Every structure is written in C-alpha cells, then in structure tokens.
Amino acid sequence: MSRVYNFSAGPAVLPEEVLREAADEMMDYQGSGMSVMEMSHRSKTYDKIIKDAEADLRDLMNIPDNYKVLFLQGGASQQFAMIPMNLMKNKKAGFIVTGQWAKKAYQEASIYGEAVKLASSEDKTFSYIPDCSDLDIPEDLDYVYICENNTIYGTKFWELPNTKGHTLISDVSSCFLSEPVDVSKYGIIYGGVQKNIGPAGVVIVIIREDLITEDTLPGTPTMLKYKIHADNASLYNTPPAYGIYICGKVFKWLKKMGGLSAMKKHNEEKAKILYDFLDESKLFKGTVEAKDRSLMNVPFVTGNEELDAKFVKEAAAAGFVNLKGHRSVGGMRASIYNAMPKEGVEKLVAFMKEFEAANV
Ligand SMILES: *Cc1c(COP(=O)(O)O)cnc(C)c1O
C-alpha cells in the first residue's frame, strides 16, 4: 500500500486511522454480519450510529440545546436554494460576496426573492475579505449570508460581519471543525462534509430552532423543508447512511486528538510552515492579503504559468498530489485540512525549496 500526500480541496484527505477502522468493519460491523452500507437506516444498530454522531458533534462544537443538527443530502449547493426557501419570509436577504461559492448562493437566492449584495471583494479577484464592521444593511432583510472560508481563493473571515441584529447564515464547508466556533452567533452554520469531515454526499446543517417553521415559500418541495428533517431526526427518508457513519468516526477521532482547540493549534502550526516559506521565497508567492489568510486552503503562484505547470507535475511525481489551483484562478493551491499531517506540509515545503533552487 502506498499513500500520497493529498492536497485536494475536496473530496479531500481523511484520517488514516478512520479509513483503517472502516476497512476493518467493512464486512462485519460489530458482529452484525453486514456492512453499514447494507444495513437498514431504521435498525437499532444504525440508530446508535447516527445518534452517537450527533452527540459527538454537539460535544465537539458545544452546540446549544436550541439548535438542531441535520444530516442532509444535496451538497452545500442545495443549501443555496433551501436556505431562501425556508428563511426568506420578507423575500429579501443580504450577501457578502467573497468568492465563487458566496456568489452562487447569492445568485440562487435571487430566484426566490431580492438578493442584496452588501459587500464584495470581486474587484481584486476575491483576494481579501471586505471590512464588514459597519455595512449599510437594510432593516427588512431576512438574514445576512457569508461563506466563511473561501475554498477557491484561500481567504477566511477572522471576524464575523456586524449584521446589525440580523440572523447570520454561514457556509463553513471548508473550515468545518478546524477551530472552535461560537454556534450561538449564527442562525444557520452549515457545510458539505467532503472538505474537512467525511465522504461526499452529506451536508450538515446546524440551525436555530426558531428558524424551523411550516412557513416556507410556496412550492417548496417536502424534501427541502428543514421542518420535515428536524421533526424526523434526519430520518424522514433514507439518509446518506454510510457517509454519516464515517463522519461519526471522524468526530471520535477529533475528540481523541483533543477537540477543536487542539485542532486549531495543529492547523495554525501547519499553515505557518507554508506561509512563512511563501513570504520568504524568491519563486513562490501567496495570492491573498496576509490578514485574511485561510488556515485550510493556501493558493500560491510562481508568476509564470509554464513554471506552475512544471511544479504541479514534478510535485505529483514526488507524491504531493492535487496541487493544481482551481480552474478559475490557476497557479497552485495546497489544501491542508485537519487530516493533513504536519509532516505532509513540512515535506511539501522541503520539495518547494528544492524546486526553487533548481528553477531560479
Ligand atoms: C465545495 C464547496 C461548496 C460546494 O459543495 P457541494 O457539496 O459540491 O455542493 C460550497 N461552499 C463551499 C465553501 C465549498 O468549499
């Protein structure tokens, strides 16, 4: 068996320990004689898997009792519609557009009502987070929406926007469980799990109870109502059962690693190794304003497209894979999620130094 250092933005690296456990349990989950994949989602065995997963997530994130945890499908992208369908009572919501994902959410919401662009960083290719301390926010907005960590551009909100009392909705797909958060500051905090938690196919929505109502936009499909999923504890229909099982294992792994404070420290150490190198390198440079840098996604360039391509190719041959930047920005991007070991980043930087010495 040979494992690479996988810097993919998503689906992405998972803890080896979790993969080994899943492999061990593949043919016979804890004496059930079957794989979790083959098991009824209404069985006692599965009920414990999904309940434990929720309990461990609540524990890790310190989720207050007046929030529901929903395990849904359709990816983060389905939430771009589900949120306005359930929450846009005044048919007006505000968006801070800091990248492609926020922009998609903004565009999708405009199908259902008025989507107001409160701020944007598109003028500089989304390389920074705009000052959101005193935005002009219309009184009648149903909510303010952000994408907290911008996977493609490598920026992160280090301070939440001042919503002036409006409900904050946040897409945390690419920074989920990377650091402690105060859930009570959000109306909804959600993300697809394939970036930092588990296999694609699960989206976790943590939603304040008062936002879960019968009063959805006319025509909202049953499957897109938060209430139906909340009332049925994410078991209205067949949930993404195997994916939730793997997420549960990752939650246990995170707890064993010391929880989210320990994870933040680990992530800060890893990111520092890479950013410090980018700051001193004569060949490579980061593309993001230093104050807004993500701990999870680190884009960088050489300034020469041919050299970028050469680097990506040689890095892959050396076992550092998926370093090509998103098609919309080019260059390189190293995604260094929770499960990327520090050693992976150290070795990548050593490789970058060698490449630099050979190419400047
Ligand atoms: C990947 C990503 C998405 C899209 O996720 P899907 O599950 O593919 O719909 C949305 N938002 C952010 C921040 C992402 O990183």
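Whatever comes next refers back to the structure up there.
The residue numbering used here restarts from 1 in each chain and proceeds along that chain's sequence as written. Residue-level local features of this predicted model are given only where pLDDT is at least 70; pairs of side-chain atoms are given and counted only at 80 or more, and the full residue set underlies all totals for whole chains, interfaces and linings. Note: side-chain values were computed over all heavy atoms of the structure, leaving out hydrogens and water.

1. Section: the nonpolar core
Definition used in this section: a nonpolar core is a set of buried Ala, Val, Leu, Ile, Met, Phe, Trp, Tyr and Cys residues joined via side-chain atoms within 4.5 Å. Only protein chains enter the accessibility calculation, which uses a 1.4 Å probe; a residue is then buried when its area is under 20% of its type maximum, exposed when over 50%, and partly exposed in between. Judged by nonpolar contacts, the single largest core of 89 residues is most densely connected at M61, I204, I206, F251, F284 and F311. Top element by residues in this core is helix α6 (residues 241-256). It accounts for ten residues. Boundary definitions for the domains trace back to an automatic or database domain assignment. Each of two domains, domain 1 (17-256) and domain 2 (259-359), supplies a minimum of three residues to this core. Those residues in contact with M61 that lie beyond four places of it in its chain are F176, L177, V181, V183, I189, I206 and L260. A105, A109, Y145 and I188 belong to the second-largest nonpolar core, a separate cluster that totals 34 residues. Only runs of H or I of at least four residues qualify as helices and only runs of E of at least two qualify as strands under DSSP, and these elements are numbered from the N terminus. The contact criterion used is simple: two residues touch if any of their non-hydrogen atoms lie within 4.5 Å.

2. Regarding the site of the ligand
Distances are taken per atom, and a residue is near a molecule or strand as soon as one of its heavy atoms is within 4 Å of it. Neighbouring residues of the ligand: G75, A76, S77, F80, W101, C147, N149, T151, D171, S173, Q194 and K195. For this analysis, a polar contact is any N or O atom pair within 3.5 Å, provided that within protein one partner can donate a hydrogen and the other can accept it, and provided that sequence-adjacent residues contribute only side-chain to side-chain pairs. Here an oxygen atom of the ligand and a side-chain polar atom of T151 are 2.4 Å apart. The contact in question runs from an oxygen atom of the ligand to an N or O atom on the side chain of Q194, over 2.9 Å.

3. A word on helix α9 (residues 342-359)
The terminal C-alpha atoms of α9, which comprises 18 residues, lie 26 Å apart, in line with the 26 Å expected from a rise of 1.5 Å per residue. What α9 keeps buried is the set G344, V345, L348, V349, F351, M352, F355, E356 and N359. Angular distribution of buried residues about the axis of α9 spans 165°; they occupy a single face of the element. Opposite the packed face of α9, turned more than 90 degrees from it, sit the exposed residues E354, A357 and A358. Buried-residue contacts for α9 involve β1 (5-6), α7 (259-280), β12 (297-301), α8 (305-317), β13 (320-321) and β14 (332-335). A helix is expected to span 1.5 Å for every residue after the first. Here, the arc refers to the directions that run from the helix axis to the C-beta atoms.

4. Let's talk about the sheet that holds β14
One requirement defines pairing of two strands: DSSP has to find at least two bridges between them. One open sheet accounts for three strands, arranged β11-β12-β14; its pairing is antiparallel. Two strands bound the open sheet, and with one partner strand each, they are β11 (285-286) and β14. With four bridges connecting them, β12 and β14 associate as antiparallel partners. For F300, the partnering residue across the bridge sits in β14 and is M332. The sheet contacts of α7 involve β11, β12 and β14, and relative to β12 the element is tilted by about 20°. Geometry is summarised by axes, namely lines fitted to C-alpha atoms with helices restricted to the contacting stretch, and by angles between N-to-C directions that run from 0 to 180 degrees.

5. Some details on the environment of N149
Along the chain, N149 falls in strand β6 (residues 149-150). Each C-alpha atom, one on N149 and one on S294, is 6.7 Å from the other, the two residues being 145 residues apart in sequence. Ignoring sequence-local partners within four residues, the contact set of N149 consists of T155, K156, D171, S174, C175, S294, M296 and N297. A distance of 2.7 Å separates the side chain of N149 from the side chain of S294, its partner in a polar contact. Within polar-contact distance, the side chain of N149 engages the side chain of N297 at 2.8 Å.

6. Topic: helix α3 (residues 75-87)
Its 13 residues give α3 an end-to-end C-alpha distance of 18 Å, which sits within 8% of 18 Å, the value for a rise of 1.5 Å per residue. What we call the bend at a residue is the angle made by axes fitted to the seven residues finishing there and the seven residues starting there. By the largest-angle criterion, A81 marks the main kink of α3, which is about 30°, and a proline, P84, follows within four residues. Counting buried residues in α3 gives ten out of 13 residues, a clear majority hidden from the surface. Of the residues making up α3, those classed as buried are A76, Q79, F80, A81, M82, I83, P84, M85, N86 and L87.

7. What to know about the side chain of D171
Tracing the backbone through its elements, the reader meets D171 in strand β8 (residues 168-171). Among the polar contacts made by the side chain of D171, one reaches the side chain of S173 at a distance of 2.7 Å. Ignoring sequence-local partners within four residues, the contact set of D171 consists of F80, W101, Y145, I146, C147, E148, N149, Y190 and G191.

By themselves, these are just geometric observations and shouldn't be taken as functional.
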